[in-house]
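Listed here are the chains, written in short residue letters.
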Amino acid sequence: MIRVLLFAELEERLGRRELQLKPENGLNVEGLRERLITDYPELQGIENAMPAVNEEYARADTKVSDGDTVAFIPPVSGG
Amino acid sequence: MTQSRFTITDEAVDVTAVIDKVTHRNAGAVNTFIGTVREMTKGKKTLYLKYDAYVPMAEKQLARIGDEIVRDFPDAEVAITHRIGELDISDIAVVIAVATPHRADAFEASRFAIERIKEIVPIWKKEHWEDGSSWIGDQRETTAYPGGSPEKGDIE
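Here's a quick rundown of the structure. Not measured: the values here are computed from a predicted model. (Residues numbered from 1 in each chain as written. Chains lettered and ligands numbered in written order. Predicted model: local features only at pLDDT ≥ 70, side-chain atom pairs only at ≥ 80, totals over all residues. Heavy atoms only, no water.)

Looking now at the overall build of chain B. In terms of helices and strands, chain B carries three helices and nine strands. Here chain B, with 156 residues, has 44% of them falling under the buried criterion. By sequence separation, contacts in chain B at least 24 residues apart represent 75% of the contacts at least 6 residues apart. Only carbon and sulfur atoms are counted for the fraction: they give 46% of the accessible area of chain B, which is about 8100 Å². (Helix = DSSP H or I, 4+ residues; strand = E, 2+ residues; numbered from the N terminus. Buried < 20%, exposed > 50% of the residue type's maximum accessible area, 1.4 Å probe, protein only. Contact = heavy atoms within 4.5 Å. Areas by Shrake-Rupley, 256 points an atom, 1.4 Å probe, with all protein chains shown as cover.)

What follows concerns the side chain of Asp 52 of chain B. One can find Asp 52 of chain B in strand 4 (residues 44-53). Among the polar contacts listed, one links the side chain of Asp 52 of chain B to the side chain of Arg 17 of chain A, at a separation of 2.4 Å. Here Asp 52 of chain B is in contact with Glu 11 and Arg 17 of chain A together with Ile 84, Pro 122, Ile 123, Trp 124 and Trp 135 of chain B, once residues within four sequence places are set aside. (Polar contact = N/O pair within 3.5 Å; in protein donor to acceptor, adjacent residues only side chain to side chain.)

Spacing of three or four residues puts side chains on the same side of an α-helix, whose turn is 3.6 residues. The terminal C-alpha atoms of helix 3 (residues 103-120) of chain B, which comprises 18 residues, lie 26 Å apart, in line with the 26 Å expected from a rise of 1.5 Å per residue. Of all the positions in helix 3 of chain B, only Ala 106, Ala 109, Ser 110, Phe 112, Ala 113, Ile 114, Glu 115, Arg 116, Ile 117, Glu 119 and Ile 120 of chain B are classed as buried. Of the surrounding elements, those touching the buried residues of helix 3 of chain B are strand 4 (56-57) of chain A together with strand 2 (29-36), helix 2 (55-72), strand 5 (77-83) and strand 7 (92-100) of chain B. (Expected span 1.5 Å × (residues − 1).)

Turning to the interface of chain A and chain B, a few remarks are in order. Contacts between the two partners involve 23 residues from chain A and, on the opposite side, 33 residues from chain B. Here chain A and chain B share an interface that buries about 2300 Å² over both sides, 57% of which is from carbon and sulfur atoms. Run the count over chain A and chain B and you get three salt bridges. Salt-bridge contacts for Asp 52 of chain B lead to Arg 17 of chain A; the nearest nitrogen and oxygen are separated by 2.4 Å. At the junction of chain A with chain B, the criterion picks out 14 residue pairs in polar contact (both at pLDDT 80 or more). Secondary structure elements with two or more residues in the side of chain A that touches chain B: helix 1 (8-14), strand 3 (50-53), strand 4 and strand 5 (69-73) of chain A. Broken down by element, the side of chain A that touches chain B gets its largest block of residues, four residues, from helix 1 of chain A. (Buried area = accessible area lost by both parts, 1.4 Å probe. Salt bridge = Lys/Arg side-chain N within 4 Å of Asp/Glu carboxyl O.)

Here it is as structure tokens:
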């Protein structure tokens, strides 16, 4: 499974922080994001979130596979 | 015991402990930046704040900021602690300590660190006011990250 993490307003819109998605051949970050938008229309703003795969910032075309953790990071506001 | 220099904590930050991580005999300057919770923002009164983080990645990104500083200032020693959870007005949210042989580098590096935290470290602030609350994003008023991953140099 692919572990998906959502934070801040995304977490609030969904009502939880974590999802498990089935891996599929050739899936990349952008494809996974599109699947989330289709399956969870309440995730408004996910299109502006920065993806991270296994705790490192990733690109839209980064491949994701079984066992990966993909996080969607809304604009940050630490400090 | 080696204590990590780049940490996220849900407890009050001990400023001296952060400074102690960087102080050494060849330091001529230790610059400390302390970020605190402000009550008034654009005329609106904050009651309290909540910070949340993607903790393991946030700690890695803090360490990356340390690496970026050492690339520019090879003699610098850096430690950063950021607090999460519920914070009251005037509570310390972040402490950055930078030790260098000469003061100019310590000032510059700690300024760089706080600006960089606001760009790349997955920490979010939720403001609670008398009439509601909201997650705050985009403090630098840029939209998302145009070049993919936020890059060093974006703020320079």
